[in-house]
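What follows is the residue order along each chain.
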Amino acid sequence: MRKIIIAGNWKMFKTQAESLEFLTALLPKIADGHEEREVVLCTPFTDLGIMSKSLHGTRIRLGAQNIHWEDEGAFTGEISGAMLTEVGVRYVVVGHSERRQYFGETDETVNQRLKAAQRHSLIPILCVGESKAQRDAGETDTVIANQLAKDLVDVDQNNLVIAYEPIWAIGTGETCDAKEANRVIGLIREKLTNKNVTIQYGGSVKPANVDEIMAQPEIDGALVGGASLEADSFARLVNFV
């Protein structure tokens, strides 16, 4: 059985007060039922300490939004694996589409970050996906296959989550057709040596479409962003039928 993981990935402008307000409203809504589903909150770095304490004793796991590949001497504005494990982080997002699109993140650095996460016994959530131009040109399958081939070099697939995160669906309100998302995720699974890797869909997952998305046989969860990170909406995603 593949693990189902629903992960929320905050925008970096969220304050500690906003994070705690969200958590206070969320916890009663997901306390019981669906315990087989892992729930992860990936918060801004400045919130990790207080969220670690607040999540203690709950079923929600703490996640981070990036990791540097150097254990010592990480560049200014980056965070090391040791810093993440110190505050109880379990998951870390790597290769997010915004970093690929706006910061020029390469597959080579994504690979280094993945291996750094695993060195520190963190579970990386690897994001892969195509841009609108690539999609319109019919290059989705090739782009994702190339990303996987480069990103996963010497990466332990037994300690990994993948999120299919089409760049064109991030922050636009557009969502990939559920059957097309299932097809692409099936393609991703074919490229893996471990066929039981949890593969999420990320890209405008909302309460209105979560049931259809999660009904697809290849989709094992969701990675959702700010648009779905209200307590009621996120609880609905966690508690999908």
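Residues numbered from 1 in each chain as written. Predicted model: local features only at pLDDT ≥ 70, side-chain atom pairs only at ≥ 80, totals over all residues. Heavy atoms only, no water.

**What about the overall build of the chain?**
Right, on to step 1. When helices and strands are counted, the chain shows 10 helices and eight strands.
Right, on to step 2. Summarising its shape, the C-alpha atoms of the chain cover approximately 45 × 45 × 35 Å along the three principal directions.
Right, on to step 3. Evaluated residue by residue, the chain yields a buried proportion of 54% over its 241 residues.
Right, on to step 4. Relative to all contacts within the chain whose residues are 6 or more apart in sequence, the contacts with residues 24 or more apart total 73%.
Right, on to step 5. Working note: accessible area of the chain is about 10800 Å², and carbon and sulfur atoms make up 50% of it.
Right, on to step 6. Side-chain charges of the chain comprise 25 positive and 34 negative groups, with the mean position of each set lying 2 Å from the other. (Helix = DSSP H or I, 4+ residues; strand = E, 2+ residues; numbered from the N terminus. Buried < 20%, exposed > 50% of the residue type's maximum accessible area, 1.4 Å probe, protein only. Contact = heavy atoms within 4.5 Å. Areas by Shrake-Rupley, 256 points an atom, 1.4 Å probe, with all protein chains shown as cover. Lys, Arg positive; Asp, Glu negative; His and termini not counted. Charge placed at Lys NZ, Arg CZ, Asp CG, Glu CD.)

**A closer look at helix H2 (residues 48–55)**
Right, on to step 1. The complete set of buried residues in H2 reads Leu48, Met51 and Leu55. Buried residues of H2, viewed axially, fall in a sector of 65°; they line one side.
Right, on to step 2. Residues of H2 that are buried sit in contact with helix H1 (16–26), strand S2 (37–42), strand S3 (60–64) and helix H3 (81–86).
Right, on to step 3. Immediately beyond the C-terminal end of H2, within one or two residues, lies Gly57, with a positive phi of roughly 85°. (Arc of directions from axis to C-beta.)

**Some details on the nonpolar core**
Right, on to step 1. Counting 61 residues, the largest nonpolar core has Ile162, Ile188, Tyr201 and Phe234 as the members making the most contacts within it.
Right, on to step 2. Once residues within four sequence positions are removed from consideration, Ile188 is found in contact with Val128, Ile144, Leu148, Ile162, Tyr164 and Ile199. (Core = buried A, V, L, I, M, F, W, Y, C linked by side-chain atoms within 4.5 Å.)

**Let's talk about unusual backbone geometry**
Right, on to step 1. Non-glycine residue Ser121 carries a positive phi angle of around 60°.
Right, on to step 2. Mapped onto the secondary structure, Ser121 falls in the loop between helix H5 (107–119) and strand S5 (123–128).
Right, on to step 3. Its identity as a non-glycine residue notwithstanding, Asp154 has a phi of 60°, on the positive side.

**Quick word on the pattern of salt bridges**
A side chain with one charge may pair with a side chain of the opposite charge, provided their charged atoms come close.
Right, on to step 1. On inspection of all chains with the given rule, the structure shows 18 salt bridges.
Right, on to step 2. In this structure, Lys3 engages Glu38 in a salt bridge whose closest nitrogen and oxygen atoms are separated by 3.7 Å. One end of the pair, Lys3, is in the segment before strand S1 (4–9); the other, Glu38, is in strand S2, with 35 residues separating them in the sequence.
Right, on to step 3. Judged by its relative accessible area of 41%, Lys3 falls in the partly exposed class. (Salt bridge = Lys/Arg side-chain N within 4 Å of Asp/Glu carboxyl O.)

**Description of the packing of aromatic side chains**
Right, on to step 1. What the rule picks out here adds up to three aromatic pairs.
Right, on to step 2. With a centroid separation of 6.2 Å and an interplanar angle of 55°, the aromatic rings of Phe22 and Phe234 are classed as tilted. Of this pair, Phe22 sits in helix H1 while Phe234 sits in helix H10 (residues 231–238); the two residues are 212 residues apart in sequence, bridging distant segments of the chain. In this pair, the class of Phe22 matches that of Phe234, namely buried.
Right, on to step 3. With centroids separated by 5.9 Å and ring planes inclined at 55°, the aromatic side chains of Tyr164 and Tyr201 adopt a geometry described as tilted. Here Tyr164, found in strand S6 (residues 161–164), pairs with Tyr201, found in strand S7 (residues 198–202); they are 37 residues apart in sequence, far enough to count as distant.
Right, on to step 4. Ring pairing ties together the aromatic residues Trp10, Phe22 and Phe234, which thus form one cluster.
Right, on to step 5. Stacked on the ring of Phe240, the Lys or Arg Arg37 has its end atom at 3.6 Å from the ring centre.
Right, on to step 6. The ring of Trp168 carries Arg135 above its face, with NZ or CZ at 4.0 Å from the centroid. (Phe/Tyr/Trp six-rings, centres within 6.5 Å; stacked < 30°, edge-to-face > 60°. Lys NZ or Arg CZ within 6 Å of the ring centre and 35° of its normal.)

**Some remarks on the packing of H5 against helix H7 (residues 140–151)**
Right, on to step 1. Here H5 crosses H7 at 50°, and the two axes come no closer than 8 Å. Taken together, the axis directions place H5 and H7 in an arrangement best described as oblique. The hand of the H5/H7 crossing is right-handed. Where H5 abuts H7, its residues Asp107, Glu108, Val110, Asn111 and Leu114 lie against Gln147, Lys150 and Asp151. (Axes fitted to C-alpha atoms, helices over the stretch in contact; angles between N-to-C directions. Parallel < 35°, antiparallel > 145°, perpendicular 65-115°, else oblique. Left-handed = near helix turned anticlockwise from the far one by under 90°.)

**A closer look at the environment of Lys3**
Right, on to step 1. For the pair Lys3 and Arg183, spaced 180 residues apart in sequence, the C-alpha separation works out to 19 Å.
Right, on to step 2. Other than its neighbours up to four places away in sequence, Lys3 contacts Glu38, Tyr91, Thr198 and Asp220.

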